[in-house]
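A look at the structure
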Amino acid sequence: WNVKRADSKRKNAGAEHASSAFPPAGATPTPTPTHEVAELSTGRRSTRKRQNTASTEVDRAAGAKKMKTAEVATAAPLPVVKPSSPKPSLGAGSKDHLVAQKPTQKPTPRQRGGRKAAAAKGSNKKSQGNAGKTPGGANTTGMAPFATAAAKSTRVAFDSGNDWRLPDCAVGGSHFGARRITKLRLAMPTQKSEDTILSHVLGHRMVVTEVPLKKDEASTGLDKVVSESGCGYELVSAKVKEDHDVPSFRFASARCVRLIYLQITGDRLADLSAREELEKLADFASLSPRKAVSRLELLQSPACMLPKTKHAERRPAIFFISASDACEIDENGNDGCGFISEEYLVDLLGGNKAAFNTLAIQVRFLAPRLGLFKGMLMRKRAMVGPPIQLSPTMKKAGPSIARTERDETACLLITAAGRFPSKESVFVGRLVDSKADPPPPSFKPKAFDKKSDMIPRLLRTLGVRPETLRNYIKNSSSKLANLNHAYVVGVADPTGSLPSGTIFVTGLGRAAGLKRIFITRSPCVRADDGRVARLVSSKPAEMIQKDWDWLRRLPFGAVVFSNPGPGMRCIPSQIARGDLDGDRYFICWNKEVLNQVKADSFVRGPVKQEKSHLLPPRRNECWLEEAQELMVNSIATEEVGALVGKLYTLAEKKADGSARLLRDRDAEAFGDAYVRALEFAKHGGAIFLPAHLHGDVPSRLRKHLSSRAEAAAVPFAVRDPQSFFNWGNVKRWNVKRADSKRKNAGAEHASSAFPPAGATPTPTPTHEVAELSTGRRSTRKRQNTASTEVDRAAGAKKMKTAEVATAAPLPVVKPSSPKPSLGAGSKDHLVAQKPTQKPTPRQRGGRKAAAAKGSNKKSQGNAGKTPGGANTTGMAPFATAAAKSTRVAFDSGNDWRLPDCAVGGSHFGARRITKLRLAMPTQKSEDTILSHVLGHRMVVTEVPLKKDEASTGLDKVVSESGCGYELVSAKVKEDHDVPSFRFASARCVRLIYLQITGDRLADLSAREELEKLADFASLSPRKAVSRLELLQSPACMLPKTKHAERRPAIFFISASDACEIDENGNDGCGFISEEYLVDLLGGNKAAFNTLAIQVRFLAPRLGLFKGMLMRKRAMVGPPIQLSPTMKKAGPSIARTERDETACLLITAAGRFPSKESVFVGRLVDSKADPPPPSFKPKAFDKKSDMIPRLLRTLGVRPETLRNYIKNSSSKLANLNHAYVVGVADPTGSLPSGTIFVTGLGRAAGLKRIFITRSPCVRADDGRVARLVSSKPAEMIQKDWDWLRRLPFGAVVFSNPGPGMRCIPSQIARGDLDGDRYFICWNKEVLNQVKADSFVRGPVKQEKSHLLPPRRNECWLEEAQELMVNSIATEEVGALVGKLYTLAEKKADGSARLLRDRDAEAFGDAYVRALEFAKHGGAIFLPAHLHGDVPSRLRKHLSSRAEAAAVPFAVRDPQSFFNWGNVKRWNVKRAD
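Remember, predicted model here, so these are calculated numbers, not experimental data.

Before going further, it helps to examine the overall build of the protein chain. Of regular secondary structure, the protein chain possesses 46 helices and 48 strands. A separation of at least 24 residues holds for 80% of the contacts in the protein chain among residues at least 6 apart in sequence. Just so you have it, the protein chain exposes about 61,300 Å², and 52% of that area is on carbon and sulfur atoms.

Next up on the list: the environment of P1226. Position of P1226 relative to the elements: it lies in the loop between β41 (1217-1224) and β42 (1234-1237). For P1226, a relative accessible area of 7% gives the class buried. Remark: the alpha-carbon pair of P1226 and M1110, spanning 116 residues in sequence, is separated by 7.1 Å.

For the rest of this paragraph, the subject is the sheet that holds strand β19 (residues 516-521). Taken together, six strands build a closed barrel; the order of strands is β17-β21-β18-β20-β19-β22 and the barrel is mixed. Ignoring strand direction, the axes of neighbouring strands in this sheet form an average angle of 45°. With four bridges connecting them, strand β17 (residues 485-492) and strand β21 (residues 558-561) associate as parallel partners. Opposite V491, over in β21, you have V560 as the bridge partner. Each of β17, β19 and β22 (584-588) is contacted by helix α14 (residues 454-461), which is oriented at about 130° to β19, the strand it contacts most.

Our next topic: the nonpolar core. Membership of the largest hydrophobic core comes to 109 residues, with the highest contact counts inside it found for F284 and F1016. Leaving out residues up to four positions away in the same chain, F284 has contacts with L278, A292, R295, L296, L299, L372, A397 and W623. In terms of nonpolar packing, the next biggest core, distinct from the first, is built from 89 residues, C1256, F1293, V1325 and L1382 among them.

Next up on the list: the pairing of β22. With four of five residues buried, β22 is to be regarded as a mostly interior element. Here β17 runs beside β22; their pairing, made up of five bridges, is antiparallel. Within β22, the position partnered with H485 by the bridge is C588. Strand direction decides the pairing type here: β19 and β22, joined by four bridges, are antiparallel. When the bridges of β22 are listed, R521 appears paired with Y585.

Here we come to the pairing of strand β36 (residues 1092-1099). Summarising burial for β36: eight of the eight residues are buried, a large majority. Two elements, β36 and strand β37 (residues 1103-1112), share eight bridges in a ladder whose sense is antiparallel. For A1099, the partnering residue across the bridge sits in β37 and is G1103. What sits between β36 and β37 in their antiparallel hairpin is a turn of three residues. Alignment of β36 against strand β40 (residues 1141-1152), held across six bridges, turns out to be antiparallel. Bridge pairing in β40 links I1093 to R1151.

This next bit is on the packing of aromatic side chains. Within the structure shown, the criterion is met by 24 aromatic pairs. Consider the rings of F1288 and W1321, whose centres lie 6.4 Å apart with planes at 65°: the pair is edge-to-face. Linking F1288 in the loop between α39 (1277-1285) and β45 (1290-1293) with W1321 in the loop between β46 (1316-1320) and α40 (1323-1328), this pair joins segments that are 33 residues apart in sequence. Considered together, F1288 and W1321 belong to a single accessibility category, that of buried residues. Through pairs of rings, three or more aromatic residues link up here, namely F176, Y233 and Y261. Here R1022 stacks its cationic end above the ring of F1412, 5.0 Å away from the centre of that ring. Directly above the aromatic system of Y1219 lies the positively charged group of K1178, at a separation of 4.4 Å from the ring centroid.

We now examine unusual backbone geometry. The omega torsion of the bond from S522 to P523 falls at 5°, within 30 degrees of zero and hence cis. By the secondary structure assignment, P523 is in the loop between β19 and β20 (531-535). Note that the residue after S1254, namely P1255, is joined by a cis bond; omega there is 5°. Locating P1255 in the fold gives a position in the loop between β43 (1248-1253) and β44 (1263-1267). For A576, which is not a glycine, the phi torsion comes out positive at approximately 55°. Along the chain, A576 turns up in the loop between β21 and β22. Positive phi is not limited to glycine here, since L661 has a value of about 55°. Look at L661 and you get buried, because its relative accessible area is 12%.

A word on the pattern of salt bridges. Counting across every chain of the model gives 49 salt bridges. We note a salt bridge from K183 to E942, for which the minimum N-O separation is 3.0 Å. Here the residue K183 occupies a position in strand β2 (residues 179-187), and E942 occupies one in strand β27 (residues 938-944), the gap between them amounting to 759 residues. Of the two residues examined, K183 and E942, each falls in the buried class. It is possible to trace a salt-bridge network through shared partners that takes in K183, R185, E942, K973 and D975.

What follows covers the sheet that holds β41. Pairing is mixed around the closed barrel formed by six strands, whose spatial order is β41-β45-β42-β44-β43-β46. Recorded for the sheet is a direction-independent mean angle of 45° between the axes of neighbouring strands. Bridging between β43 and β46 involves four bridges; their strand directions are antiparallel. Among the inter-strand pairings, T1252 is bridged to a residue of β46, identified as F1318.

A word on helix α38 (residues 1198-1210). Taking 1.5 Å per residue as the helical rise, α38 with its 13 residues ought to reach 18 Å, and the 18 Å between its terminal C-alpha atoms agrees with that figure. Of all the positions in α38, only T1200, L1201, Y1204, I1205, S1208 and S1210 are classed as buried.

This part covers the packing of helix α37 (residues 1186-1193) against helix α42 (residues 1366-1388). Relative to each other, α37 and α42 sit at 35°, their axes nearing to 12 Å. Seen along the crossing, α37 lies across α42 with a hand that is left-handed. For the pair formed by α37 and α42, the contact residues are M1186, R1189 and R1192 on the first element and Y1380, E1384, A1387 and D1388 on the second. Class assignment of the residues belonging to the contact of α37 with α42 gives a composition of three nonpolar, no polar and four charged.

By secondary structure assignment, the location of K1023 is in helix α33 (residues 1021-1030). Distance from K1023 to A1359, taken between C-alpha atoms, is 8.5 Å for residues 336 residues apart in sequence. Setting aside residues up to four positions removed in sequence, K1023 forms contacts with K1414 and H1415.

Right, let's talk about helix α10 (residues 289-298) for a bit. Within α10, eight of the ten residues are buried, which leaves it mostly tucked inside the rest of the structure. Along α10, the residues that are buried comprise R290, K291, A292, V293, S294, R295, L296 and L298.

Here we come to the side chain of E1060. By the element assignment, E1060 lies in strand β34 (residues 1058-1060). On the basis of relative accessibility, which here comes to 4%, the residue E1060 falls in the buried class. Here the side chain of E1060 touches K1127 through a polar contact of 2.9 Å, side chain to side chain.

Quick look at the confidence of the model for the protein chain now. Here the protein chain averages 75 in pLDDT, and 70% of its residues register 70 or above. This stretch, residues 1-154, has a pLDDT under 50; its non-local contacts, to residues over four places away or in other chains, come to 243 contacts. With pLDDT under 50 throughout, residues 1341-1347 is counted as low confidence; its partners more than four residues away or in other chains account for ten contacts.

Attention shifts here to the side chain of R406. Tracing the chain through its elements places R406 in the loop between β15 (395-397) and β16 (409-420). Despite being buried, R406 has no salt bridge partner; E277 is the closest side chain of opposite charge, sitting 4.1 Å away. Filtering out sequence-adjacent residues up to four positions away, R406 remains in contact with V201, E277, K280, L281, P368, D895, W896, R897 and L898.

So, on to the environment of D1139. Topologically, D1139 is positioned in the loop between β39 (1127-1129) and β40. Between the alpha carbons of D1139 and W164 there is a distance of 9.5 Å; along the sequence they are 975 residues apart. Separated by 3.2 Å, the side chains of D1139 and R1135 make a polar contact.

Two numbers describe how α10 lies on helix α18 (residues 623-631): the axes approach to 8 Å, and their chain directions differ by 75°. Regarding the angle of α10 to α18, the classification is roughly perpendicular. Residue-level contacts link P289, R290, A292, V293 and L296 of α10 to W623, E626, A627, L630 and M631 of α18. Residues that form the contact of α10 with α18 fall into these classes: eight nonpolar, no polar and two charged.

What counts, and at which threshold
Residues numbered from 1 in each chain as written. Predicted model: local features only at pLDDT ≥ 70, side-chain atom pairs only at ≥ 80, totals over all residues. Heavy atoms only, no water. Helix = DSSP H or I, 4+ residues; strand = E, 2+ residues; numbered from the N terminus. Contact = heavy atoms within 4.5 Å. Areas by Shrake-Rupley, 256 points an atom, 1.4 Å probe, with all protein chains shown as cover. Buried < 20%, exposed > 50% of the residue type's maximum accessible area, 1.4 Å probe, protein only. Pairing = 2+ DSSP bridges. Axes fitted to C-alpha atoms, helices over the stretch in contact; angles between N-to-C directions. Core = buried A, V, L, I, M, F, W, Y, C linked by side-chain atoms within 4.5 Å. Phe/Tyr/Trp six-rings, centres within 6.5 Å; stacked < 30°, edge-to-face > 60°. Lys NZ or Arg CZ within 6 Å of the ring centre and 35° of its normal. Salt bridge = Lys/Arg side-chain N within 4 Å of Asp/Glu carboxyl O. Expected span 1.5 Å × (residues − 1). Left-handed = near helix turned anticlockwise from the far one by under 90°. Nonpolar A, V, L, I, M, F, W, Y, C, P; charged D, E, K, R; others polar. Polar contact = N/O pair within 3.5 Å; in protein donor to acceptor, adjacent residues only side chain to side chain. pLDDT = per-residue confidence, 0-100. Lys, Arg positive; Asp, Glu negative; His and termini not counted. Parallel < 35°, antiparallel > 145°, perpendicular 65-115°, else oblique.

Now the structure itself:
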């Protein structure tokens, strides 16, 4: 496009050019006459008449420097808003950005070459005005093709993208300690942050933060104490968890550390001491600092959600009960498992069917008078004594030495996945029981070779032949009746009568003839981690008949371990160092496998004792400070996390490379080190690994290793917890109580029981209190009068009266506002009673029962301790009538709350901030287009989509602390912060705000800044919402190479590197030059094997684009060719410096072929290496029967499907299906109506293929397409050879030609903007499919709804109204799931399957509901079907098809952008 430059016309045009090309900041651009500018709502790029002198026609890329020099010399200075601090280059302070150059550095050779190429490309005036438009990639505009040499060399001119940033983008934002806040999670002020013990105790004074564990983040320690805005915060708990906010790369997940702070000072708040408040809960001071960290982590465990019943709403499983309802029992091999009364458990869970079928629960139990407990509670019949019996091995911290009102209550929390049997166990139980209904067809049991070969490798080590394993996997996966394995939870024997060394599997007794069973658990890295145990299948002699009958009635889902007896090793500790605090055990009862296993027998002799580490430490008054040091050591946390994965990989590699498998010495050493690394957080210390193996570990991780076994010894309790708590052999360290010292201590007791707020408690002499680090409940010398021995539950009122009479009044800090009841303002809490209400009959009955239970003084003094549940403390057992009635006395738990817990906390708009995500100040919030443009001025918030949340609209504009924020984008996503109930996932809305005002910041207009990116004003408000959502798409991470670190795939390139091409059925897919793509991705092997990329492309002079870019050989013209159907917004009418650059972002899952396609490609190519044994292809009946139902509708027999599923899952060579991405034809030579699957041409003889996509809810959503397997006549040989060399992973659709229907739109309304297509080439399936052929005629045009709207200056305000309408968002989300369920139900209940009229109607409504966010309007559904939809959702339905019509472009995008047939709708504008 080189033209001669008119140098003579530049002399006197400098000032005019400068004033017109770059208008002053904040000035309103002069409107262009209508006849000179034609804007399209479709996103078609407008052509503008140049209004300036000839100097503006000069090529921008080649002459930018000269043009700026002329401006400085001849034009007035530009009025630019100066930030308070210099605008930094992204590359200057961040390693994450790719090839971002510091401003002071000279261009690299790579950049110089790229700029020269850009200059050579971009000097033609016509091509710049039309953005290099070429039909189909042909050279029709006089464009000179890229030089061959330039094509082979690096041509990508990267830019730092600084011109895209807003003023002061590095100054805005808020901080919490040393880190910047990158995301806020919001909730209504009446709601808790989450359902944990800490959230209830701390209330609004709790601040939750998350910090990603990255190398650069870990280099800076976390904050122990934070002071912000006059408020003080202190760290109280830390927990490492999976980081769902970071996009994974090739299935690798990131991690973050979750820190909880307590607000200790603040306006209108009473000052608190974090250490004193925590010591009121349990005796953390007697633990080692590392133990204290892990114990405080237990208080973060989230509660599961109990389902809605007739008497209660859906609610979290966190209960406040009487402390007298629990007691400790003697340890007898329970090893982390206690017991709970059947009646008590049923009443606790709501009394529904699921409650009666519950076997056991995993709990966190906290009672200040008993301590902190963690583990399982197994249901037990005919219990004597309190309904909750706690094992000493469950105790993680001793009782609190502080005396508070909380002593009378206890908190019981059921964890998120803590109800057993699990959903999978319920379905396996139906298979085991021949009388039960079979599980649903969608049920897919968990394979024991899932994700890794850990258990199969163990079985092969123990003598099971590989062919035996393959046959069993094949048979069990193809036919559920052949399933002989399961994952079950381990529990203690509630009868105490099972013979020593045996186990009992609940629900498996119905399978007659079983005497033995194989059992192990994960991680199993040693040969002795798997055992063959004796299975109890008939009544033992010592067991009474009632217990045996009760055991046999229990549902499938638990393995019950017999008690080992005093001094004997417990069974769980011999199965991969397991215990019973919630561990899942793998069991297999397949006879062929059992006959070949040669496993070691259980050790039944007495256990050797180890003494040194069992001695109790002294109390440490600085325990919290030392624990905080460990919490904030993010470097060690990140390194040990990396070390865990590395050690397991090395153990796996050594075992697979040796004939002895797991018995290989090096494999054993790496396996043991891996287990010790997993325990590092609890025990610390160095990890033992023989010296000769240190070289296999990365150098930065070797500091955590030791070659001396003594220095790195793991406490014996880790290897055998039973010996650790065998109180028959270990001294209980009980000291005699000096009763003579109590006589005159009555007044002292009253004043010491409730010390003044903020006062330091008097330390108890060491010889009078012996504390155990093991968590064993300490026995204290009573220092007060005999009045303190009165039962707390029955005599609480009397004790308080005595205190008032004998002690001074208690100085209580009064909050500034009344302390509300949790139940008063929240429906989420269970049975929480308002303070002003009278107790319910349920509560009155429970309190009477509690009073009846607690009248014995001795039992209360010893916390109701009973050995094995026997009544040895004189405690009266529960009455029979009380046992059958409701006995759970629920409490609101108000006594557990801190002062002013409802006053603290921060707000953002109308909602309270419940969680902060933090990052280093030099890092971006995330890798998106918006994050780069807005910088630190961007505020990311998340609001859960719940009914109570949706009842209040979101904020469009927020004013907080003198700063103003305006909403610019919203996106609904899966909510990972809410624990799922029975695999049901929650959703949240992600809102992005722009800080428009603030201290030291230039004021901005959100609308004007967005219009500088693209022409959003020409879109409808609903379209604008969906287009702004594209700017939130996260970038994928490119792997580390020799020349660059791991970095996000977001690039700033020259805008002249891209152009638009004519639409010819590409339907959301453009093209990218091979050389350009390889250079873009780093030039490594993965870059050369990349087929296509899914992108977000934004160039102010071109517009906003979304879709796929397919690689193309020998391209003519710019290296990026964009299809008009990719365009989602037109070019910006504002003129800024950004016009010369473009932003190209590759989405998080946007590199193809996918990992799965790579492995399937190895199966298709007989010459390639086979995939690894751990590879498990995605089944087409995964999660739902959508595709199998479609195939049965199209005539495939059910037995044919079952046979294919069986064969393909058992032997990878039989795999004849895959999920691939759809792309356009880069050669333009495929015959119309055909497709080509890359990498599949090596499978000779294929002429047809079945193809569909999800969601497929109609019979015509599946097609049988003609497959191109030989060179077409129109294609040149080079193109054919190139096509056949492409790797497996994409389906290439032929171009339909002008006016013809494109193929993707006929396959379940698909397109090519990233859709995955299911393909199947199994011959038996293809022979039975009777699918419709493709429609090859011209498309009918629809006109009315395609007329473009006029420009709307209020577009952002109207778009914000849609963004904040959370009620509609939540309701339509619920409607989508309901409509699909109804379509599925109607189809399965009809012989015509998907051809059933009602099933078709629900399916069409389901598809329209999915498109609601883009198009809005009512969703058509015939009137007679409205009754099946819940009443609250019917408002979104319409019985008139015209009123609810979906735009034709949704059904056939080709017609929407066929510029040859559709008018461009240019209208005259009123000047």
